[in-house]
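For reference, the chains in residue letters:
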Amino acid sequence: MVINLFKVYIFLTVIGLANNFIVNSQQPNRLTQAEKQEGWQLLFDGKTFTGLKMLTGDGWEIKDGALKAQIGSEHGQKDIITQQRFGNFELVFEFKISNKTNSGVKYAVTDNYPGQEGKYLGLEYQILDNVNFEYPERGELRTLASLYDLIPAETNRNMKPGKWHTSKIVVNGNHIEHWLNGKKVVDYDRSSERFKALVQVSKYKDLKNFGQATEGHILFQNEGSDIAFRSIKIKPLETSLVFPSETNSQFTAINNEDGHRLWLRYEKISDTIFLEAYRKDLRTVILNESSETMKAVKNEIINGLNGLLDTKTPLNLAMTDHSTLVLGTPSNSTEIASLNLQDQLHHLGKEGFLIQRKTVNKKNTIVIAANTDIGVLYGAFHFLRMLQTQQSIEEVSIKSVPKVKLRMANHWDNANRTVERGYAGLSIWEWATLPEYRHPRYTDFARISASLGINGVVINNVNSDARFITDDFLKKIAVLSDIFRPYGIKTYLSINYSSPVTLDGLETADPLNPKVIDWWYKKTEEIYSNIPNFGGFLVKADSEGQPGPKTYGRNHAEGANMLAEALNPYRGIVIWRAFVYGKRQEDRVREAYDEFVPLDGMFNDNVILQVKNGPIDFMPFEPFSPLFGTLQKTNTMIEFQVTQEYLGQGNHLVYKGPMFTETLNADTYTKGEGNTVGNVLAGEVFKYNLTGMAAVTNPGTDRNWTGHPFVQSSWYAFGRLAWDYTYSAEELAEEWIRMTFSNNEMVINKVKEIMMKSAQASINMREPLGLTHIGTGSHYGPAPWSRRSVRFHHADKSGIGFDRTTKGSKAVKQYNAPLDDIFNDIDSVPEEYLLWFHHVGWDHKMKSGRTLWQELVYKYYEGVETVRWMQKEWDSLEGYIDHSRFSHVKALLKIQEKDAVRWRNSCVLYFQTFSEKPIPKELEKPAYNLEYYKNQEKLIYVSKY
Ligand code: BDP
């Protein structure tokens, strides 16, 4: 790459100034368009020290676009380093030496060599005036472009002082190269025995693992002699191993913005006023590492502050003279105990926290206090979030308590490590190496979850493999559970209802059979002896072929209560799913309600019914399930889907925050007006003794955990809403953007607008106006012509839509008054629900003045246009977002646009065969005919998982 650049450089210098663009591209400290596209970044802009740090606070100046060492009277080491660390990269730079220059560029630089803490050490590309500077010893190993003190450069050219020369360093895993003016002069493998032997006889011999850091800073040396650098450019290279940087975990070893750190990046505060204010207030941290949880608090807060404030924040055990952050409970902290916070803490329960300014021992202090260590951990994450999003802590006064008890992530992970509807690689649980190997990813996962307040994780798929509750698996799950415990997370398992038959050959799994009851009692005991903080079972019963009590002639309550009794002695719970697809029904929308309403009041106290947000599945658009607001005597929780099963899977940008809040804010009209789904879930309407929210999340082995980088935002929004359903989707989007991308207002506003429009765009491009289930079997592409789709859209010559009114399937009647009447009446039903509840004539007049047919067509076109608009907006963010995430999202938006066009053309052309009406002239014509699009269904490959 650099050779090419170098050649181009010479060539262009020869051809002169003929072309403006080319001339510009040759100015120092600039990137050409092509370089930008390839992922090159400037480490020095020619004007400022942005991104660089002088280790002694001085020693460098910027002159004529060059980074120059200042030569003081006394000789001293005054180096400058990049703030960022890099793993694998290509680095190019120009340098100019003068008489007797002795300098160098170090890479893979860290400050944590044992015994050398605070010193920035690493491998060095030597820069030297070979002619006039002579080392008294080992001089041959210290010539220009050599690997200092280890490997001499193959050509020892005598470089003319006063001229610019070009260097390149390539680090690709263990393979490293030095280049000088277009020639490779050093090439070595740092994992080789030869390299290690060289280190043993070098001045580095006492440094353990010298040169092995998988990532580090880049450092430019000022040893007191003249040196100048410019055009310092770096291109991060893809890592060549799977998860190489995870080995140290706690996210410390991240080499690029690949999304791996999600919203826990802890990058230095960009606003200098906030930075200084925070630094002033947070000189030390006081807490007592009295438990595993308090240790987690310490790690998070110290790592967080060190990153955000770019300092080394000391941890103290007692008050110091400096302003301080104190974290703890009255029982683990004398400082907190001395504040007499009982009255305030009383209202915070087991998980709430407060953050306030207090005077402790006459010192100005910020206090994060709670009744339990877990509460302190949640408070710590909240406080870090305040800094990450650059909020004032001047008069901070926060009390926060979660609104529901169970805040759950449901993983649809299989024993073979595929993930049902995952789209982000393999399952994060490495069954083959558990219980012996504790992959660092597990701790990161626990941190991520706790940062949102998630307190329950269902490890495995609801379509459950019975083996998950056998001894071998329980031993593995016990390790995960151990890792989760300090983070306040309980472990749950999805069970297969006929496990007694599958695993132990019982003749039946009938829940009233004494042998079956006994089997589950013993099994439960075995589970708790392995996993003391086991939370309970999640059960998908009698649905989509899964066994359940109905298989044995019993109802859901009988089935759930049997398990609940086995779990009760351990305070375990049963989460029973209301997603029941039994034998095919005339109208699936009715099914869960018809099944469960007659059972209201029949479930034990430690059973909670988990109801999907809508009555069908996780369709792009559904009204809320009428079970919310109807089940008065049955603990009820909601199940959302974060993974994008029906919304473009790993390929489309869809922020689901607005979809979640739309459901949570919907008025159920139970007990009159004003009781929303959120109120019901929080137990504010009926007296539930268990409350909760769950989401199907999809973290997998993809570096960014979720496949599409923006799926992270839905994960984030879900977690925060599970804590407090009253947040708005917009404020959560903003928090996420600030933590994930940037605090730059322009970036925030643009990305937020894209996110906020993305959900509606994804509905419009697929299933507008209340249409549903018209996709392919893989749930990715369009198939309105399929047998299943036809059962849902009912398109014919007279119109389109499913009649669920009192004249049709009567599903409207499942809603409380007056919603039932509102939905029943074609004139009052909100238009976005129109085809969900009504079969409507093609000429029906819509509010816009268009006919239904025209409106439907316009919606599909609008879907495509919004995606195109999203592409343009995203493109305008180039340079404001790191290259890898920018180009990833850009490429995915291209796919989204293609898919939107395919959906639109497939649906419009297909429905046109019934409406027999034209596509309005002003709209772009579908490029192909219907047959072509039908064929696409067979040709386009979509992965099963
Ligand atoms: C559907 C999914 C299927 C799940 C099912 C469920 O297509 O993979 O098993 O939901 O929730 O949406 O049980």
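Numbers given to residues run from 1 along each chain, matching the order in which its sequence is written. Residues qualify for local features only when their pLDDT is at least 70, as the model is predicted, and side-chain atom pairs are given and counted only at 80 or more; totals for whole chains, interfaces and linings, by contrast, use all residues. Side-chain measures here rest on the full set of heavy atoms in the structure, leaving out hydrogens and waters.

## Regarding the sheet that holds strand β26 (residues 636-641)
Keep this limit in mind: Think of it this way: DSSP has to see at least two bridges between two strands before they count as a pair. Each helix is a run of DSSP H or I of at least 4 residues and each strand a run of E of at least 2, with the numbering of both proceeding from the N terminus. Every axis in this analysis is a line fitted to C-alpha atoms, fitted for helices over the stretch in contact. Angles between the N-to-C directions lie between 0 and 180 degrees. Contact definition: two residues touch when any of their heavy atoms are within 4.5 Å.
In space, the eight strands of this closed barrel follow the order β20-β21-β22-β23-β24-β25-β26-β27, with parallel pairing throughout. Strand-to-strand twist across the sheet, computed as the mean angle between neighbouring axes with direction ignored, equals 25°. By the bridge criterion, four bridges tie strand β25 (residues 607-612) to β26 in an arrangement that is parallel. Paired with Gln610 across the strands is Met637, a residue of β26. Across the sheet, helix α13 (residues 514-530) touches β22 (490-495) and β23 (534-539), and the angle it forms with β23 is around 135°.

## A few points about the pattern of salt bridges
So the rule is basically this: Salt bridges are defined as contacts in which a side-chain nitrogen from Lys or Arg sits within 4 Å of a carboxyl oxygen from Asp or Glu. Burial here depends on accessible area, computed with a 1.4 Å probe over protein chains only, as a share of the maximum for the residue type. Under 20% is buried, over 50% is exposed, and the range in between is partly exposed.
Tallied over the entire structure, the rule returns 55 salt bridges. Glu865 serves as the salt-bridge partner of Arg868, at 3.1 Å between the closest nitrogen and oxygen. Of the two residues, Arg868 and Glu865 are both situated in helix α24 (residues 852-875); the distance of three residues between them amounts to about one turn of the helix. Residue Arg868 is classed as partly exposed on the basis of its relative accessible area of 22%.

## Structural notes on the side chain of Glu35
Note the following rule: Polar contact is the term for a pair of N or O atoms within 3.5 Å; when the atoms are in protein, one must be able to donate a hydrogen and the other to accept it, and sequence-neighboring residues count only if both atoms are side-chain atoms.
With respect to the secondary-structure elements, Glu35 resides in helix α3 (residues 33-38). Within the structure, Glu35 has its side chain in polar contact with the side chain of Lys233 (distance 3.1 Å).

## A short note on the sheet that holds strand β5 (residues 80-82)
Sheet architecture is open: five strands sit in the order β2-β5-β12-β7-β8, paired in antiparallel fashion. The two strands at the open ends of the sheet, each matched to only one other strand, are β2 (52-54) and β8 (121-128). On average, each strand axis in the sheet is inclined to that of its neighbour by 20°, with strand direction left out of account. Pairing between β5 and strand β12 (residues 217-220): two bridges, direction antiparallel. Among the inter-strand pairings, Ile81 is bridged to a residue of β12, identified as Leu219.

## Considering the site of the ligand
Filter applied, for reference: The criterion for a residue being near a molecule or strand is simple. One of its heavy atoms has to lie within 4 Å of it. Accessible surface is estimated by sampling points in the Shrake-Rupley manner with a 1.4 Å probe; for residues, cover comes only from the protein chains shown. Classification used: nonpolar for Ala, Val, Leu, Ile, Met, Phe, Trp, Tyr, Cys and Pro, charged for Asp, Glu, Lys and Arg, polar for all others including Gly.
Residues in close proximity to the ligand total 14 residues, the closest being Glu420, Lys540, Arg577, Asp617 and Glu645. When the free accessible area of the ligand is taken as 320 Å², the share hidden by the protein chains comes to 97%. Of the residues belonging to the shell around the ligand, the class tally is four nonpolar, two polar and eight charged.

## Here's the deal with the nonpolar core
Going by this rule: Definition of nonpolar core: a set of buried residues of the types Ala, Val, Leu, Ile, Met, Phe, Trp, Tyr and Cys, connected through side-chain atoms within 4.5 Å.
Judged by nonpolar contacts, the single largest core of 224 residues is most densely connected at Trp576, Trp874 and Phe911. Broken down by element, this core gets its largest block of residues, 12 residues, from helix α25 (residues 883-915). Not counting residues up to four positions away in its chain, the partners in contact with Phe911 are Leu771, Ile774, Pro784, His793, Ala795, Ile800, Trp842, Trp853, Leu856 and Tyr860.

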